[in-house]
Amino acid sequence: RVESGRLELAFSDNFQTLASMHTWTAVPRKGLVPYLRDINAPSDVRDALRALTFTRTRSNRSEVDHGAEAMGKSVEAAITTSGIGLPEDFLVEVSVYKTPGLSDITASVRVDLFINLEDESIELKVGKDALAEATGRAGDEVAARVSEQVSTAVPSRGVYVYRGAP
């Protein structure tokens, strides 16, 4: 007699947020720190971005000399960080699943950071490979736990764990 069971896995809210950042996601300065706190960004990254200051100066000039006219416009932008270094990327440790009994399975996901001078915003991106690796490791952990639990309950039979349809 063959019996089977099915376990529905639901991603945690933080992991879903990271998964939605597979393209550059602009985060406005006003909501930056709460957003970083929500995705569980390290405190040193939050502090460095909190201390970030954008400066933009514009100047126009024109000269008229013996019938020749010259006009110019310049825009200069600068970022200061109050001596705190800004990383190009950082690791975020998040719970992968919100399924009861599996919410303790975590993954480290690398988040890329880009400072957009024109919009004065911070852009974040998570690579698809990083997400695939995180879900793969988490899936391995789920398979091992299920196999162990079922093998303990029914020790005389082998336990096969399939991902998707067998």
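**Student:** What exactly am I supposed to notice about the pairing of strand β5 (residues 106-116) here?
**Tutor:** In the case of a regular strand, side chains alternate between the two sheet surfaces. Relative to β5, strand β4 (residues 89-95) runs antiparallel, the two sharing seven bridges. Within β5, the position partnered with Ser95 by the bridge is Thr106. Examined bridge by bridge, β5 and strand β6 (residues 121-126) share six bridges and lie antiparallel to one another. From the neighbouring strand, Val111 faces β6, where its bridge partner is Val126. Connecting β5 to the next strand, β6, in antiparallel fashion are four residues, including Glu120 with a positive phi near 55 degrees.

**Student:** So what exactly am I meant to see when it comes to the packing of aromatic side chains here?
**Tutor:** Between two aromatic rings, the relevant description is the distance of the centres plus the angle of the planes. Scanning all chains against the criterion turns up three aromatic pairs. Judged by centre distance (5.7 Å) and plane angle (15 degrees), the rings of Phe11 and Tyr97 are stacked. You can see Phe11 sitting in the segment before α1 (13-19) and its partner Tyr97 sitting in the loop between β4 and β5, a full 86 residues away along the chain. Classification of Phe11 by relative accessible area gives partly exposed; the value is 33%. Its relative accessible area of 5% is what places Tyr97 among the buried residues. Ring geometry for Trp24 against Phe114: centres 5.9 Å apart, planes inclined by 55 degrees, an arrangement best described as tilted. Residue Trp24 is found in the loop between α1 and β1 (25-27), and its partner Phe114 is found in strand β5; the two are separated by 90 residues along the sequence. Classification of Trp24 as partly exposed rests on a relative accessible area of 40%. By relative accessible area, Phe114 is classed as partly exposed at 40%. Members of the aromatic cluster, connected to one another through ring pairs, are Phe11, Phe15 and Tyr97.

What counts, and at which threshold
- Residues numbered from 1 in each chain as written.
- Predicted model: local features only at pLDDT ≥ 70, side-chain atom pairs only at ≥ 80, totals over all residues.
- Heavy atoms only, no water.
- Pairing = 2+ DSSP bridges.
- Helix = DSSP H or I, 4+ residues; strand = E, 2+ residues; numbered from the N terminus.
- Phe/Tyr/Trp six-rings, centres within 6.5 Å; stacked < 30°, edge-to-face > 60°.
- Buried < 20%, exposed > 50% of the residue type's maximum accessible area, 1.4 Å probe, protein only.

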